[in-house]
Each structure stands twice: as structure tokens, then as C-alpha cells.
Amino acid sequence: MPTALKKLSVEQLGKFLVEKGVDASNAALFKESGIDGQIADTIDENHLKEMGISKIGDRLHILKVLGSLKQAKAKESMSDTIWKGTRAYKHSYCESIMRYFCFFIFQKPDEYILAASSLTIKKESGNSKDGISYEIDNVEMAVITDVDITGTSPSFIARCCGAPTIETLRIITKTADGEKNLYLKKGTGEEVATKIRFQMKNT
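Residues numbered from 1 in each chain as written. Predicted model: local features only at pLDDT ≥ 70, side-chain atom pairs only at ≥ 80, totals over all residues. Heavy atoms only, no water.

## A closer look at helix α2 (residues 24-32)
Those residues of α2 not exposed but buried are Asn26, Ala27, Leu29 and Phe30. Projected down its long axis, α2 carries its buried residues within an arc of 145°, all on one side. Exposed and oriented more than 90 degrees from the buried face of α2 are Ala24, Lys31 and Glu32. Two residues or fewer past α2, glycine 34 is found with a positive phi of approximately 70°. (Buried < 20%, exposed > 50% of the residue type's maximum accessible area, 1.4 Å probe, protein only. Helix = DSSP H or I, 4+ residues; strand = E, 2+ residues; numbered from the N terminus. Arc of directions from axis to C-beta.)

## Quick word on the pairing of strand β7 (residues 179-185)
Across seven bridges, strand β6 (residues 166-173) lies against β7 in antiparallel orientation. From the neighbouring strand, leucine 169 faces β7, where its bridge partner is leucine 182. Once β6 ends, the chain turns through five residues before running back antiparallel as β7, passing glycine 178 with a positive phi of about 85°. (Pairing = 2+ DSSP bridges.)

## So, the sheet that holds β7
Ordered in space as β5-β6-β7, the three strands form an open sheet in which the pairing is antiparallel. The sheet is open, and its two edges are formed by β5 (144-152) and β7, each paired on a single side. Shown here is a sheet whose adjacent strand axes are inclined to one another by a mean of 20°, direction ignored. In the packing of helix α7 (residues 189-202) onto the sheet, contacts are made with β5, β6 and β7, and the angle to β5 comes to roughly 175°. (Axes fitted to C-alpha atoms, helices over the stretch in contact; angles between N-to-C directions. Contact = heavy atoms within 4.5 Å.)

Structure follows, in C-alpha cells:
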């Protein structure tokens with residue numbers, strides 16, 4: 001059975017129902033009706049009657065099984081990726097080349113992953129004999145109280161060398177550390193802030 005229950009095909013849903021103790025003949029009715037994991041959680045008792053499942057006990061058992069499917073589907077939806085991005089640096093192209101070739105400074109940019117219930121910030125924290133290590137910070141939507149954006153423009157000379165304008169997305173939280181900062185390319189901050197505000201209201 002695939003991890004994403006909402007992606008169960010008609011055949012896979014039938015197998016799932018049988019594994020959960022649903023009579024094979026009743027499970028076959030789901031296949032005949034073309035019901036898959038995407039819509040199975042919308043089925044109610046009237047639908048089951050229309051499908052020809054006459055016994056009350058069978059209908060109640062199926063609804064219980066479908067209820068667990070609905071809960072699993074909701075849990076999966078909370079972890080679905082809404083937006084994914086990486087940290088933007090203020091260095092110009094020239095500075096980046098110099099940092100790498102002259103000082104051997106190269107660091108993988110922070111990764112940002114926004115899901116329905118959380119924001120994950122993944123930072124490279126160092127190198128060791130075992131390889132690169134990372135620090136992962138998960139910020140739950142429930143602790144975010146506000147977001148705001150500030151922009152930092154590079155100097156004229158830096159702009160001539162291709163340095164970008166960086167937007168700092170400041171995320172205010174109820175936790176002890178108070179806030180988290182995301183550093184994004186110009187034009188991305190408001191888009192991400194809007195997505196976060198939406199999830200704040202709907203979590």
C-alpha cells in the first residue's frame with residue numbers, strides 16, 4: 001500500500017478495504033463504482049446503500065474503515081509541501097567567485113520548506129570526517145504570530161557586479177527565540193508571506 005493514501009487507485013483501495021476486514025464482494029462494489037483513494041473519504045451511508053450494500057453492519061464497518069482513511073489523508077495533507085526555496089545571498093557574482101577560489105568559502109544555501117502545518121529551515125552547520133552536518137529547525141504554524149518583510153538593496157558598485165536585492169522575511173513566534181528570518185530574492189518575500197499567513201488562519 002503506498003504511503004500517500006489519497007493516491008490509492010481503484011484496485012489498491014479494494015485491496016485496502018479487504019485487508020481491513022471488508023467483505024470482498026462489498027469491496028468489489030467500490031471498483032465497479034470507480035471509487036479510488038481520492039474520493040473514498042467522501043462516501044456516506046446513502047452512497048453505500050446506492051451501491052447495493054444492504055446490511056447495516058457491513059455499512060457501519062466500511063464507514064469506520066473509510067473514517068481511518070480520511071484521518072490518514074488529512075494527516076498527509078498537513079505534511080504536503082506548499083512551497084520550497086533556498087536562501088538568497090547578497091554577494092555579487094564576482095564576490096561569490098572570489099570567495100570560492102581565493103578563500104575556499106562555499107556553503108550550501110539554507111533550504112526552506114513550507115508545509116500546511118510547519119516551516120522547516122535546514123542549515124549546513126559544518127563538516128566532519130563523516131561528511132556535512134545539518135541543523136534542522138521546524139517551526140509549527142501554531143506558534144507563528146506574525147510575518148513582515150524588509151528589503152536590503154546592494155550598493156551601486158555591488159549592483160553593477162550583479163548583487164541582488166535581498167528581502168528578509170521575519171517570522172515572529174511565541175517561542176523563546178522569538179523570531180526566524182528567511183532571506184529571499186526580491187519579489188519572493190510577499191508571495192511566501194501570503195502563503196504563511198493563509199496557513200496561520202487555516203491551521
